[in-house]
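Listed below are the residues making up each chain.
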Amino acid sequence: MRSLVLAFALFFAFAADTAAEPIRLAVDLRDAPRHVIHARATIPTVPGVLALRYAKWLPGEHSPSGPVVDLAGIRVSAGKQALAWERDSVDMHLFRVTVPAGVQRIDVALDYLTPGAGGGESFGDTPASSEKVAVLRWNTVLLYPDGARAADLQIEPS
């Protein structure tokens, strides 16, 4: 009985210690009136090739309409070291970066260009951002590990 209790204690201690670290997503809306949203994500990872996905299929949409064409200025780094990335030649919603040995998390900075009045992601004639209002759809500023189940992803927004 004592060994069973010890086994359960070790299991739960290990499970708590290996719980997935969240993706930390910081969004800056100060340039939203100029139709630019800045975002920075810190993504836990392991060394090797990391495939990052931009959402393609969105709830309530009837086609693969994730607005990847509105991404700009993507920068990937590990600490102060810039990392090269490439876009998949077939799936434009997929990006790959090679993570160096010893790196446990990377930073992905990007800009999302919101449409102006009467175009793109709008609600009727209301633009996604104006001088007084900014509508943020979190999926527009997030890259996440490809193949991850949504239920397993934890995002810590700010």
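Residues numbered from 1 in each chain as written. Predicted model: local features only at pLDDT ≥ 70, side-chain atom pairs only at ≥ 80, totals over all residues. Heavy atoms only, no water.

1. Things to note about the overall build of the protein chain
- The number of helices and strands found in the protein chain is one helix and 10 strands.
- The order of helices and strands in the protein chain, counted from the N terminus, is α-β-β-β-β-β-β-β-β-β-β.
- A total of 158 residues make up the protein chain; the buried ones form 34% of that total.
- For the protein chain, long-range pairs separated by at least 24 residues make up 66% of all intrachain contacts whose partners lie at least 6 apart in sequence.
- Carbon and sulfur atoms provide 59% of the accessible area of the protein chain, an area that totals close to 9800 Å². (Helix = DSSP H or I, 4+ residues; strand = E, 2+ residues; numbered from the N terminus. Buried < 20%, exposed > 50% of the residue type's maximum accessible area, 1.4 Å probe, protein only. Contact = heavy atoms within 4.5 Å. Areas by Shrake-Rupley, 256 points an atom, 1.4 Å probe, with all protein chains shown as cover.)

2. Description of the nonpolar core
- Judged by nonpolar contacts, the single largest core of 30 residues is most densely connected at Leu 52, Leu 71, Phe 95, Val 97, Ile 106 and Val 141.
- Those elements that provide at least two residues to this core are β1 (23-28), β2 (36-44), β3 (48-54), β4 (71-78), β7 (94-99), β8 (105-113) and β9 (143-145).
- Sequence-distant contacts of Leu 71, that is, excluding residues within four places in its chain, are made with Tyr 54, Phe 95, Leu 110, Asp 111, Tyr 112 and Thr 140. (Core = buried A, V, L, I, M, F, W, Y, C linked by side-chain atoms within 4.5 Å.)

3. Considering the layout of surface pockets
- Put simply, the largest pocket is a space of about 150 Å³.
- Taken together, Ala 20, Glu 21, Pro 22, Ile 23, Pro 44, Thr 45, Pro 145, Asp 152, Leu 153 and Gln 154 make up the lining of the largest pocket.
- Here the lining of the largest pocket is built from residues that sort into six nonpolar, two polar and two charged. (1 Å grid on protein atoms, 1.4 Å probe; cavity = no way out; pocket = protein on both sides within 12 Å on 5 of 7 lines; lining within 4 Å. Points joined across faces, edges and corners; volume = space filled by probe spheres on them. Nonpolar A, V, L, I, M, F, W, Y, C, P; charged D, E, K, R; others polar.)

4. Description of the pattern of salt bridges
- All told, the structure shown has 11 salt bridges when counted by the stated rule.
- Here Glu 156 and Arg 24 are joined by a salt bridge, their closest N and O atoms 3.4 Å apart. Linking Glu 156 in strand β10 (residues 155-157) with Arg 24 in strand β1, this pair joins segments that are 132 residues apart in sequence.
- The class for Glu 156 is partly exposed, based on a relative accessible area of 40%.
- A residue is classified by how much of its surface remains accessible, and Arg 24, at 34% relative accessible area, is partly exposed.
- Between Asp 31 and Arg 34 there is a salt bridge, with the nearest N and O atoms lying 3.6 Å from each other.
- A single network of salt bridges, built from pairs that share partners, joins Glu 21, Arg 24, Arg 105 and Glu 156. (Salt bridge = Lys/Arg side-chain N within 4 Å of Asp/Glu carboxyl O.)

5. What about the sheet that holds strand β6 (residues 85-87)?
- Spatially, four strands are ordered β6-β7-β3-β9 in an open sheet, and the strand pairing comes out antiparallel. Edge strands, defined here as strands with exactly one partner in the open sheet, are β6 and β9. Each strand axis lies, on average, 30 degrees off the axis of its neighbour in the sheet, ignoring direction.
- Alignment of β3 against β9, held across three bridges, turns out to be antiparallel. The partner of Tyr 54 across the bridge, within β9, is Leu 143. (Pairing = 2+ DSSP bridges. Axes fitted to C-alpha atoms, helices over the stretch in contact; angles between N-to-C directions.)

Read these as geometric descriptors, not functional statements.
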